[in-house]
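# Report on the structure
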Amino acid sequence: MATIVLSAAGMALGSTMSGTVLGLGMATVGRAAGAAMGRAIDQRLMGAGSEAVETGRIDRFRLTGASEGSAIPRVFGRMRIAGQVIWASEFLETTTTTGGGKGGPPKPKTTTYSYSVSLAVALCEGEISRVGRVWADGAEINKDDLNLRVYPGSMDQLPDPKIEAIEGVGQVPAYRGTAYVVMEDLDLGQFGNRVPQFSFEVMRPGQSDDDVPDTIHDDLTQAVKGVAIVPGTG
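Starting afresh in each chain, residues are numbered from 1 along the sequence in its written order. Local features are withheld for residues below a pLDDT of 70 in this predicted model, meaning they are given only at 70 or higher, and side-chain atom pairs are given and counted only at 80 or more; totals for whole chains, interfaces and linings count all residues. Working from all heavy atoms in the structure, the side-chain values ignore hydrogens and water.

### Observations regarding the overall build of the chain
Helix and strand content of the chain: four helices and 12 strands. Across the 234 residues of the chain, 28% fall into the buried class. In what follows, a contact means two residues having at least one pair of non-hydrogen atoms within 4.5 Å. Restricting to contacts in the chain with at least 6 residues of sequence separation, those with at least 24 account for 70%. With an accessible surface of roughly 15200 Å², the chain has 55% of that area assigned to carbon and sulfur atoms. Helix numbering and strand numbering both begin at the N terminus, where a helix is a DSSP run of H or I of at least 4 residues and a strand a DSSP run of E of at least 2. Whether a residue is buried, partly exposed or exposed follows from its accessible area with a 1.4 Å probe, protein chains only, as a fraction of its type maximum: under 20%, in between, or over 50%, in that order. Computed with a 1.4 Å probe, the accessible areas rest on the Shrake-Rupley method; for each residue, only the protein chains presented here act as cover.

Spelled out as structure tokens, the structure:
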């Protein structure tokens, strides 16, 4: 844009002058000078096609809710809780480069950075029934987009395979008695290249005071598998 404007201005200014330069009229000289100045301005603002442009790169990786020594909550019924990050992998940086090729108008070489991470979030004292809805920064998101695995906190649950693959077999606790979730290869691009504030809807059946199941008086909520309701019977 500056090339067009300044070349026209230079031509208009040169036409008001008399004489020639190397056999060229002043209008032609003014137009060439204005175009050269405008081209320099355009390249400065929009890139000359040789200087690389980097977008989306972060300098520091921050985790949310990773406090040392935090208490493990106890949940009864249905509750929305945030949890605590108990493990996280090194973030994986992926680069995508466009532009900078030969042929056609020059385009700046642009490198875009994207990041992913795997992390485990402790929810509450187990054993829970299931995890319902999931929110990220207060907005509900689809669990299928998170590659989410839920560990209910049973006393016989095994270590997560993703954590074992990174930390080594036999080096990872199973967190038995603690309900937690693992999000594998979470794409951070949809969250602005950062780990959002997660919260989870956790459902846990009511427990006795000592949390020891009574084999004689079984809990009704666990004994009943389904209810058939006939319309119109009240």
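Next comes the rest of the write-up.
### With respect to unusual backbone geometry
A positive phi angle is found at Asp137, which is not glycine, with a value near 55 degrees. Tracing the backbone through its elements, the reader meets Asp137 in the loop between strand E8 (130-136) and strand E9 (139-141). One non-glycine residue, Tyr175, adopts positive backbone phi at about 55 degrees. In this structure, Tyr175 sits in the loop between helix H3 (161-167) and strand E11 (178-187).

### Considerations on the packing of aromatic side chains
Aromatic rings considered in pairs are described by the distance between their centres and by the relative angle of their planes. Pairing of aromatic rings covers Phe, Tyr and Trp, the last through its six-membered ring, and needs centres within 6.5 Å; plane angles under 30 degrees mean stacked, over 60 mean edge-to-face, and all others mean tilted. Inspection of the entire model under this criterion finds five aromatic pairs. Seen in terms of ring centroids, Tyr175 and Tyr180 are 5.2 Å apart; in terms of plane orientation they differ by 65 degrees. Their pairing is edge-to-face. Look at Tyr175 and you get partly exposed, because its relative accessible area is 24%. When its relative accessible area of 0% is taken as the criterion, Tyr180 is described as buried.

### What about the pattern of salt bridges?
A pair is scored as a salt bridge if a Lys or Arg side-chain nitrogen falls within 4 Å of a carboxyl oxygen belonging to Asp or Glu. The tally for this structure, following the rule as stated, stands at seven salt bridges. For the salt bridge of Asp185 with Lys162, the shortest nitrogen-to-oxygen distance reads 3.7 Å. With Asp185 in strand E11 and Lys162 in helix H3, the pair connects residues that are 23 residues apart, well separated along the chain. One connected set of salt bridges, linked through shared partners, spans Arg78, Arg133 and Glu201.

### Details of the sheet that holds strand E4 (residues 77-81)
The pairing criterion for strands is at least two bridges between them, as found by DSSP. Pairing is antiparallel in the open sheet, where four strands are placed in the order E4-E12-E8-E9. Two strands close off the open sheet at either side, each with one partner strand: E4 and E9. Neighbouring strand axes in the sheet, compared pairwise and without regard to direction, differ in orientation by 25 degrees on average. Here, axes are lines fitted to C-alpha atoms. For helices the fit covers the stretch in contact, and angles between N-to-C directions go from 0 to 180 degrees.

### Digging into the side chain of Ser118
Tracing the backbone shows Ser118 in strand E7 (residues 110-125). A polar contact of 2.9 Å, which involves the side chain of Ser118, links it to the backbone nitrogen of Asp185. When residues no more than four places from it in sequence are discounted, the contact partners of Ser118 are Trp87, Ala88, Ser89, Lys162, Met183, Glu184 and Asp185. N or O atoms closer than or at 3.5 Å make up a polar contact, with two conditions inside protein: a donor-capable atom paired with an acceptor-capable one, and, for residues adjacent in sequence, both atoms drawn from side chains.

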